[in-house]
Structure formats: C-alpha cells, structure tokens
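Remarks on the overall topology
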2 protein chains.
Amino acid sequence: MVNKIDHIGIVVKDADEALKVYSEMFDFEVVEEMGGPGGEFKTVLVKAGNITLEFLQPLTDEGSFAKFLKERGGGLHHVSFATNNIKHELKTLKAQGRKLINEEPMSLPKAKRAFVHPSAAENVLIELVQRAQPYPEMPNIKIT
Amino acid sequence: MVNKIDHIGIVVKDADEALKVYSEMFDFEVVEEMGGPGGEFKTVLVKAGNITLEFLQPLTDEGSFAKFLKERGGGLHHVSFATNNIKHELKTLKAQGRKLINEEPMSLPKAKRAFVHPSAAENVLIELVQRAQPYPEMPNIKIT
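Residues numbered from 1 in each chain as written. Chains lettered and ligands numbered in written order. Predicted model: local features only at pLDDT ≥ 70, side-chain atom pairs only at ≥ 80, totals over all residues. Heavy atoms only, no water.

Residues and elements named next belong to chain B. Read from one edge to the other, the open sheet built from eight strands follows the order β2-β3-β4-β1-β5-β8-β7-β6, with strand pairing classed as mixed. Every interior strand has two partners, whereas the edge strands, β2 (29-35) and β6 (106-107), have only one. Strand direction decides the pairing type here: strand β1 (residues 2-11) and strand β5 (residues 75-83), joined by eight bridges, are antiparallel. In the sheet register, Ile 10 faces β5, and the bridge partner there is Leu 76. Contacting β1, β2, β3 (41-48) and β4 (51-58), helix α1 (residues 15-26) runs over the sheet at an angle of about 155° to β4. In this fold helix α3 (residues 86-95) packs onto β1, β5, β7 (111-116) and β8 (126-131), with an angle of close to 150° to the strand it touches most, β8. (Pairing = 2+ DSSP bridges. Helix = DSSP H or I, 4+ residues; strand = E, 2+ residues; numbered from the N terminus. Contact = heavy atoms within 4.5 Å. Axes fitted to C-alpha atoms, helices over the stretch in contact; angles between N-to-C directions.)

For the rest of this paragraph, the subject is the interface of chain B and chain A. Many authors give the size of an interface as the accessible area that is lost as the parts come together. Across the boundary between the two partners, chain B contributes 48 residues, which contact 48 residues of chain A. By the criterion of area lost to chain A, the three top residues of chain B are B:Met25, B:Phe26 and B:Glu122, representing 17% of everything that side buries. Remark: the boundary between chain B and chain A carries two salt bridges. One salt bridge connects B:Arg98 with A:Glu24, and the closest N-O pair in it is separated by 2.6 Å. The tally of links from chain B across to chain A stands at 14 residue pairs in polar contact (both at pLDDT 80 or more). At the level of elements, β1, α1, β4, β5, α3, β8 and β9 (141-143) of chain B are the ones that each hand at least two residues to the side of chain B that touches chain A. Ranked by the residues each element gives to the side of chain B that touches chain A, the list is headed by α1(B), at seven residues. Looking at the side of chain B that touches chain A residue by residue, the class counts come to 28 nonpolar, twelve polar and eight charged. (Buried area = accessible area lost by both parts, 1.4 Å probe. Salt bridge = Lys/Arg side-chain N within 4 Å of Asp/Glu carboxyl O. Polar contact = N/O pair within 3.5 Å; in protein donor to acceptor, adjacent residues only side chain to side chain. Nonpolar A, V, L, I, M, F, W, Y, C, P; charged D, E, K, R; others polar.)

Turning our attention to the side chain of A:Thr83. Residue and element names in this part refer to chain A. Within the fold, Thr 83 resides in strand β5 (residues 75-83). By relative accessible area, Thr 83 is classed as buried at 3%. For Thr 83, the side chain forms a polar contact with the main-chain nitrogen of Asn 85, separated by 3.0 Å. For Thr 83, the residues in contact, after removing those within four places along its chain, are Met 1, Val 2, Asn 3, Glu 89, Val 129 and Gln 130. (Buried < 20%, exposed > 50% of the residue type's maximum accessible area, 1.4 Å probe, protein only.)

Moving on, we get to the nonpolar core. The tendency in soluble globular proteins is for nonpolar side chains to be buried side by side. By size, the foremost hydrophobic cluster in this structure holds 66 residues, and its most contacted members are A:Tyr22, A:Phe81, B:Tyr22 and B:Phe81. Among residues more than four places away in sequence, those in contact with B:Phe81 are A:Phe26, A:Phe28, A:Ile51, A:Leu53, B:Val2, B:Lys4, B:Ile5, B:Asp6, B:Ile126, B:Glu127, B:Leu128 and B:Val129. (Core = buried A, V, L, I, M, F, W, Y, C linked by side-chain atoms within 4.5 Å.)

The next point concerns helix α2 (residues 64-72) of chain A. Residues and elements named next belong to chain A. Turning to α2, its buried residues number three or more, namely Phe 65, Ala 66 and Phe 68. On an axial view of α2, the arc spanned by its buried residues comes to 160°, and they lie on one face. In this structure, α2 carries Lys 67, Lys 70 and Glu 71 as exposed residues pointing more than 90 degrees from its buried face. Its buried side turned inward, α2 meets β1 (2-11), β3 (41-48), β4 (51-58) and β5. Of the residues one or two after α2, Gly 73 is the one with positive phi, at around 75°. (Arc of directions from axis to C-beta.)

Two copies of one chain are present, and they are related through a rotation about an axis combined with an axial shift. When chain B is fitted to chain A, the best match, at an RMSD of 0.0 Å, comes from turning it 180° and sliding it 0.0 Å along the axis. Seen this way, the second copy is the image of the first under a two-fold rotation axis. (Least-squares fit on C-alpha atoms with pLDDT ≥ 70 in both.)

What follows is about the sheet that holds β5(A). If you trace the eight strands from one edge of the open sheet to the other, you get β2-β3-β4-β1-β5-β8-β7-β6 (chain A), paired in mixed fashion. Two strands in the sheet have a free side with no partner beyond their single neighbour: β2 (29-35) and β6 (106-107) of chain A. Examined bridge by bridge, β6(A) and strand β7 (residues 111-116) of chain A share two bridges and lie antiparallel to one another. In the sheet register, A:Ser107 faces β7(A), and the bridge partner there is A:Lys112. The strands touched by helix α1 (residues 15-26) of chain A are β1, β2, β3 and β4 of chain A; relative to β4(A), the strand with the most contacts, the crossing angle is about 155°. Running at roughly 20° to strand β8 (residues 126-131) of chain A, α1(B) makes contact with β1, β5, β7 and β8 of chain A of the sheet.

That's the geometry; what it means functionally is another story.
Pasting the structure below:
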C-alpha cells in the first residue's frame, strides 16, 4: 500500500530562486541537492514541517523537464507516494494492465523509485518511492 | 507556518471513474463528496494511508476547472498546505508583496481556505487550509 506523500515534484527555471521564494513565504529549508544523470537537470529537495518538495531545474534544452518548462512555464510535475514494498505495488499495477514508465524499480543509493504513466492515473504522473530510511532530519511520525 | 500537505487537487473528467481507478490501484477510499458553489463542479475527497487527494470534476463548460480540463486534459491542479494560523500566513505573504487570489480566508463550514496566485510561487497554485478538526477517520499524527 501507499502510505504518505513522499514529495511533490515542481519544475522550475531556477532552483535557487525557487528556494529563496519558498523559504521567504513558508520557511522551506534545503534537505538535499543533487545533479541528475548526464547533467541534464538538478534537483533541490526542500522541506517545511512535514512537507517535502523537489525542485527540478533543467540544465539543458533537452529532456522532459526542459520540455515541461517550455510548454507550461514550470509548476506541478509529479506526486510521489511512499510505499514499503515497491515491488508488490508494481506487480499489482502490472496485473491490472496499467501503463508503467518503469516496470522494474530504479535502484538509487537511498531509494527505489518507479513512475506510473500519467495515462494510467487521470493524467497525473505518479512516482512510487521506497526509501531505505527517512530523509535526514525528518521528524519521526507515529500514526496512532 | 505550514506543517503538512492537506491534500492535492486533481482535475478529472469523471470523479467516479477517477475514484474507481485510484481505488483499484492504491486502495483510495472516499472521505467526502461535495458540490461546488452554483453547481459548477463537484469534489470527491479520497484517502489512502495518510495521503488525501481531491478530485475536481467540472459539471459545466464554465469555470477554471473546465478550462483546465479542456486545455490540459486534467491532472495536478493545486497543492494544499495545512496551517494552524491562516490569517498570520496571509498577513506575512501580503507584507512580502506576494500576489494572492484570496486576501482574506474564505470561511467554509469545516475550514478556512485561501489561494496564493501561481505567479507568486513558481507557477504552482497553492491553497492554504486551516481546519477546525482533521478529516473524519484520519489517524492522529504525532510529530516527535
């Protein structure tokens, strides 16, 4: 099952500017900065309270983020659901005949990830994430 | 301050179909169904684990949701941040000169709400929500 929103992905023209704006407006702070594969984009993960956003800044004119920025001027790009068993989720979705972008999870250093195709989910790009451990500095959440 | 994602708003062509799809894929269940003002749209609030989504179905050809559906085929529409003090949030944003859609919170039966203009927030439509109490059946969350 999916149990919480891991993060919301937002395509931006300039991640530093986005951080400045969201920091001033809502006290968002940086959790992690990363370069994308091939230097095509960079990501800045920010949080406020229990909200995590991922700013996605294209660094070249190529790729889906650059296309999204050009066509829409940026904005809400994907929503990421946390799960404890990404393999089971993908198996269930495949058995239902849902269109997936990643049929097998991508293994990143700290997490396994896979995208469901928007055509399967009311035009919403959904990422499934299974993390080895919560983000650094995230508070512990107890559901009672 | 903002402390969690209250919900994510998704524009859909058919809320019943969206519910069916999300229910099959991720076990989402209905929390609340409501008609919008003037019969222009209906909303269906659904949840899975600690994730709440708001399906927004336009019922006429008029209004911003119908426009969004026509132009984009639906999808991610807004993100809603929960706060304990919406008046303070709006005062802070106004003092910063940020463009707001609602300068004063709209008082709904169970919540106060206000929208920040996307031009103020990297092309993301942000809703601020202060609820009288959590959604029915939502688990209590303790941040330790």
